[in-house]
Amino acid sequence: MKRTMSNLKKIYNELGYVVIKDGISDSHVMEYRKQILKFFHKNPGERQMTPTSILKYFPEIYDIQTNQKLLSTAKEIFGTFSFVNNFQIQKNMCNSSHAGGWHIDSQNQYITGEINASNDKNHRVAKMGLCLTADNCRFGQSIEIVPKSHKLNHRIRFLLRKFLDLKLVPWLIKRIFVKKLDGVIGKGDYVIFDSKLLHRSATADKSKIKDISGFNSFEIADDSKLTVYFEVGESESVNTLLQSALTHAMESERGQDKEKFISDYMRV
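Here's a quick rundown of the structure. (Residues numbered from 1 in each chain as written. Predicted model: local features only at pLDDT ≥ 70, side-chain atom pairs only at ≥ 80, totals over all residues. Heavy atoms only, no water.)

Let's talk about the packing of aromatic side chains
Now for step 1: Inspection of every chain in the model, using the stated rule, returns 10 aromatic pairs.
Now for step 2: Arranged with centres 5.2 Å apart and planes meeting at 80°, the rings of Tyr32 and Phe58 form a pair that is edge-to-face. Taken as a pair, Tyr32 in helix H2 (residues 26-42) and Phe58 in the loop between helix H3 (51-57) and helix H4 (61-65) lie far apart in primary sequence, 26 residues in all. Comparing Tyr32 with Phe58, the two get one shared label, buried.
Now for step 3: Put simply, the rings of Tyr62, Phe81, Phe83, Phe87 and Phe230 pair up and form one aromatic cluster. (Phe/Tyr/Trp six-rings, centres within 6.5 Å; stacked < 30°, edge-to-face > 60°. Helix = DSSP H or I, 4+ residues; strand = E, 2+ residues; numbered from the N terminus. Buried < 20%, exposed > 50% of the residue type's maximum accessible area, 1.4 Å probe, protein only.)

Set out below in structure tokens:
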């Protein structure tokens, strides 16, 4: 199906994601990459840029939110919409095998109770990603998804996630459910995917990567994988997300050893 503005909402509702081609120019991609990699060279122990660092070192991020293609698509899908300024710029986020890493972005809202069986179908929030990575990247270019999984019952989706995470299940069976978006999402493209869609970072070529730790590599190179993320959604659903974020931050981001990502963007 051709992806015109008149059917983007239909595609998004059916599959759980849409890709906006040619969101920004190649020259902007190169400029953004140069600025972002400069930050990581100065902060080699960081796996991502969070809102405080982004506002200091990369304020141009707000130009991304005013992109006309993005604004038109958000309006088409959600009607009255709001952005959440929970910016992340992820570096070399990847998976090292065909098992592990599967998740949904609205998990915290189920945990805190803002989303439940009676209202989850009405919760309309999506993650917006801007790909700054060339094709055939050794860290993987983008993400892998389970199309239509946003429409599943939450318990069934949880069981499917556990199944996909199993190391003993062959990839030939898992691939029945999974769609790889490397090459579908290209350099300079946006992707918008439902916060209830099962997904994970793309699988890396381990033979070409150094220093994989968990789900990312701390290697900093000219070909590093870089992706900008924040959230967008129907305005009332965004308010639900923010309430859940506040609750989750107060409960889980206490102590010196805890990463303070949610607290950071709530403060900003």
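Things to note about the environment of Ala117
Now for step 1: Note on placement: Ala117 falls in the loop between helix H6 (107-112) and strand S4 (125-131).
Now for step 2: Look at Ala117 and you get exposed, because its relative accessible area is 75%.
Now for step 3: Taking the C-alpha atoms as reference points, Ala117 and Lys42, 75 residues apart in sequence, are found 45 Å from one another.

Overview of H2
Residue pairs three or four apart in sequence face the same way in an α-helix, which turns once every 3.6 residues.
Now for step 1: Over its 17 residues, H2 runs 25 Å from end to end, which matches the ideal 24 Å to within 8%, given 1.5 Å per residue.
Now for step 2: Taken as a whole, H2 has its buried residues at Val29, Tyr32, Arg33, Ile36, Leu37, Phe39 and Phe40. Each buried residue of H2 lies within a common arc of 150° when the element is viewed along its axis, so the set occupies one face. Opposite the buried face of H2, at more than 90 degrees from it, the exposed residues are Ser27, Met30, Lys34, Lys38, His41 and Lys42.
Now for step 3: Where the residues of H2 are buried, they touch strand S2 (48-49), H3, H4, strand S3 (81-91) and strand S11 (226-234). (Expected span 1.5 Å × (residues − 1). Arc of directions from axis to C-beta. Contact = heavy atoms within 4.5 Å.)

Some words on the side chain of Asp105
Now for step 1: When you line up the elements, Asp105 lands in the loop between S3 and H6.
Now for step 2: Engagement of the side chain of Asp105 in a polar contact is seen with the side chain of Lys127, the distance being 3.2 Å.
Now for step 3: In terms of polar contacts, Asp105 uses its side chain to reach the side chain of His199, at 3.5 Å.
Now for step 4: Once residues lying within four places of it in the same chain are set aside, the contact partners of Asp105 are Lys127, Phe193, Ser195, His199 and Glu231. (Polar contact = N/O pair within 3.5 Å; in protein donor to acceptor, adjacent residues only side chain to side chain.)

So, the pairing of S4
Now for step 1: Of all the 7 residues making up S4, 7 are buried; the element is thus mostly covered by neighbouring parts of the structure.
Now for step 2: Residues of S4 alternate between two faces, with Val125, Lys127, Gly129 and Cys131 on one and Ala126, Met128 and Leu130 on the opposite face, all of them buried.
Now for step 3: Strand direction decides the pairing type here: S4 and S11, joined by 7 bridges, are antiparallel. The residue bridging Met128 from the neighbouring strand is Phe230, located in S11.
Now for step 4: Note: S4 against strand S7 (residues 190-194), 5 bridges, orientation antiparallel. Looking at S7, one finds that Leu130 is bridged to Tyr190. (Pairing = 2+ DSSP bridges.)

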